[in-house]
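# Coordinate inspection notes
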Amino acid sequence: MMRTTGGTPKARALGAELREARENAGRSLRALAQELETNHVKLMRYETGKSVPAPEVVAAFVTALGVSATERDRLVEMARDADTPNWLTADRAGVHQELTALIEFERTATRITNVATGLIPGLLQTSDYARAVMRGKPVGEVEKLVLMRLGRREVLSTRNAPRLTAIISENALREPIGGPEVMADQLRKVEQIAEWEGVDVRVIRSGSTVWHPGHVGPFVVFEFPKARPIVHLEHYRSSAFLYNPGLAEEYVDAITTLLSLALDPAQSIAFIAERAHEMEAIAK
């Protein structure tokens, strides 16, 4: 049994988890397909999220790989509504699923646009800044998440790297998260990465007398070569992925508006350098 409504955020996250489970078990698609008496192309479509497997198919898939009962039940539950266009994560299991989804979207996107209104975008964060942002989590969990966050930046230097546009509010550049020294290092890192090929950093100044989409809050838009855009919204204890065509396109239009209001690339880098110099002076 196969549901063909694929391409949704949750379907793609589920597919990435199935692929990871298979690779961790050291099994090839063809070998697993033979054991399950199915076609390897069908399994490949599950792993890419192009098709959504029924829960019983997921159960057979992961049971053949020898995953734990807890992990099997989690993935089976994940498959139950993986064909719905929008996806809200709001529990502890959702944190792992959300991270898996983000890594998959970053890996397959051709363009990532991160509108950051309160914090430096994750792909640009230093380890110390990331630790400060994750304050309150268990130490062991923090270190694991920090390493994963830094590792995710490697996608920007791969052969088919996505183009990253970071639209950062002035407030995010002035808030000394972690203290002046940590923030100074963070701003210097943003300044450095802004010079990378395929990375565009733009600053939205404070004090606007005109309402714009950046006043509502942060969001990330992932654009793909053969699929509709996916929008990621992150909140305090929950996050959402939007795939509905109308909603996603509104966020793409919002990016055009914000870029028209932002400083140009050279002005943005100069502004960030000035803020870094100010933080360095405070830290002395």
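As shown above, the structure is provided for reference.
Anyway, here's the lowdown on the structure attached to this text. (Residues numbered from 1 in each chain as written. Predicted model: local features only at pLDDT ≥ 70, side-chain atom pairs only at ≥ 80, totals over all residues. Heavy atoms only, no water.)

## A look at the overall build of the protein chain
Which entries qualify depends on this criterion: Under the DSSP-based scheme used, a helix requires at least four consecutive residues in state H or I and a strand at least two consecutive residues in state E, with every element numbered from the N terminus. Computation of the radius of gyration draws on C-alpha atoms alone. For the globule rule, the value is 2.2 Å times the number of residues to the power 0.38. Residue contacts follow a heavy-atom distance rule, with two residues in contact if any of their heavy atoms lie within 4.5 Å. Here the accessible surface of atoms and residues is derived via Shrake-Rupley with a 1.4 Å probe, and residues count as covered only by protein chains that are part of the display.
For the protein chain, the count of helices and strands is 12 helices and 9 strands. In terms of overall dimensions, the protein chain is globule-like: its C-alpha atoms have a radius of gyration of 20 Å, near the 19 Å expected for 284 residues. The principal-axis extent of the C-alpha atoms belonging to the protein chain is close to 65 × 40 × 35 Å. Pairs at least 24 apart in sequence give 75% of the contacts found in the protein chain among residues at least 6 apart. As presented, the protein chain carries roughly 14,300 Å² of accessible surface, and 52% of it is formed by carbon and sulfur atoms.

## Notes on the environment of E234
Examined against the element boundaries, E234 turns out to sit in strand β8 (residues 230-234). C-alpha of E234 to C-alpha of A132: the two residues are 102 residues apart in sequence and 17 Å apart in space. Those residues within four positions of E234 in sequence are excluded, and the remaining contacts are E98 and S239.

## What about the packing of helix α10 (residues 180-193) against helix α12 (residues 265-283)?
Defined as follows: Axis definition: a line fitted to C-alpha atoms, limited for helices to the stretch in contact. Angles are taken between N-to-C directions and run from 0 to 180 degrees. Roughly parallel means an angle under 35 degrees; roughly antiparallel, over 145; roughly perpendicular, 65 to 115; everything else is oblique. Rotating anticlockwise by less than a right angle from the far helix to the near helix defines a left-handed crossing, while the corresponding clockwise rotation defines a right-handed one. For this scheme, ten residues count as nonpolar: Ala, Val, Leu, Ile, Met, Phe, Trp, Tyr, Cys and Pro. Four count as charged, namely Asp, Glu, Lys and Arg, and the remainder, Gly too, count as polar.
Where α10 contacts α12, the two axes come as close as 8 Å, and the packing angle between them is 155°. Taken as axis vectors, α10 and α12 run roughly antiparallel relative to one another. By crossing handedness, the relation of α10 to α12 is classed as left-handed. Contacts between α10 and α12 involve P180, E181, M183, A184, L187, R188, V190 and E191 on the former and, on the latter, I269, I272, A273, R275, A276, H277, M279, E280, I282 and A283. The residue makeup of the contact of α10 with α12, split by class, is 12 nonpolar, 1 polar and 5 charged.

## What about unusual backbone geometry?
Heads up, the condition is: Exposure categories follow from relative accessible area, calculated using a 1.4 Å probe and restricted to protein chains: below 20% of the type maximum is buried, above 50% is exposed, and the middle band is partly exposed.
Positive phi is not limited to glycine here, since E37 has a value of about 55°. Residue position: E37 is located in the loop between α2 (29-35) and α3 (40-48). Taking relative accessible area as the criterion, E37 reaches 77% and is therefore assigned exposed.

## A short note on the environment of A262
The residue A262 is located in the loop between α11 (245-261) and α12 in this model. The contact partners of A262, leaving out residues within four places of it in the chain, are R202, V203 and I204.

## Overview of the packing of helix α4 (residues 55-64) against helix α5 (residues 69-79)
Relative orientation of the contacting elements α4 and α5 amounts to 150°, with a least axis distance of 8 Å. Regarding the angle of α4 to α5, the classification is roughly antiparallel. Between α4 and α5 the crossing geometry is right-handed. Contacts between α4 and α5 involve P55, V58, A59, V62 and T63 from the former and R72, L75, V76 and A79 from the latter. Residue composition of the contact of α4 with α5, grouped by class: 7 nonpolar, 1 polar and 1 charged.

## Quick word on the packing of aromatic side chains
Going by this rule: Ring pairs are drawn from Phe, Tyr and Trp, using the six-membered ring of Trp, whenever the two centres fall within 6.5 Å, and their geometry is named by plane angle: stacked under 30 degrees, edge-to-face over 60, tilted for the rest.
Going through the model one piece at a time under the given rule, you end up with 5 aromatic pairs. Look at W87 and F241: their rings are 5.2 Å apart centre to centre, the planes differ by 25°, and that puts the pair in the stacked class. Of the two residues, W87 is situated in strand β3 (residues 87-89) and F241 in strand β9 (residues 239-242); the sequence distance between them amounts to 154 residues. No difference in accessibility class separates W87 from F241, as the two residues are buried.

## Side note on the layout of surface pockets
Basically, it comes down to this: Any residue with an atom within 4 Å of a point lines the site, the site being either a cavity, points on a 1 Å grid over the protein atoms alone where a 1.4 Å probe fits but cannot get out, or a pocket, an open set with protein on both sides within 12 Å along at least 5 of 7 lines. Grid points are joined across faces, edges and corners, and a volume is the space filled by probe spheres set on the points.
Of the pockets and cavities examined, the largest pocket occupies roughly 1,400 Å³. Forming the boundary of the largest pocket are 45 residues, of which E98, V133, R149, E234 and H235 lie nearest the centre. In the lining of the largest pocket, the residues fall into 22 nonpolar, 12 polar and 11 charged.

## Side note on the pattern of salt bridges
Rules: Definition used for salt bridges: Asp or Glu carboxyl oxygen within 4 Å of a side-chain nitrogen of Lys or Arg.
A complete count under the given rule lists 20 salt bridges for this structure. When the shortest N-O distance is used, the salt bridge between E71 and R74 registers 2.7 Å. Pair noted here: E71 and R74 are both in helix α5, with a separation of 3 residues, about one helical turn. A relative accessible area of 27% places E71 in the partly exposed class. Note that D128 is salt-bridged to R131, the shortest N-O span being 2.9 Å. Taken together, the residues D128 and R131, both in helix α7 (residues 127-133) and 3 residues apart, mark about one turn of the helix. Among the residues examined, D128 registers a relative accessible area of 40% and is labelled partly exposed. The partly exposed category is assigned to R131, whose relative accessible area is 29%. Members of the salt-bridge network, linked through shared partners, are E170, R174, R205, E274, R275 and E278.

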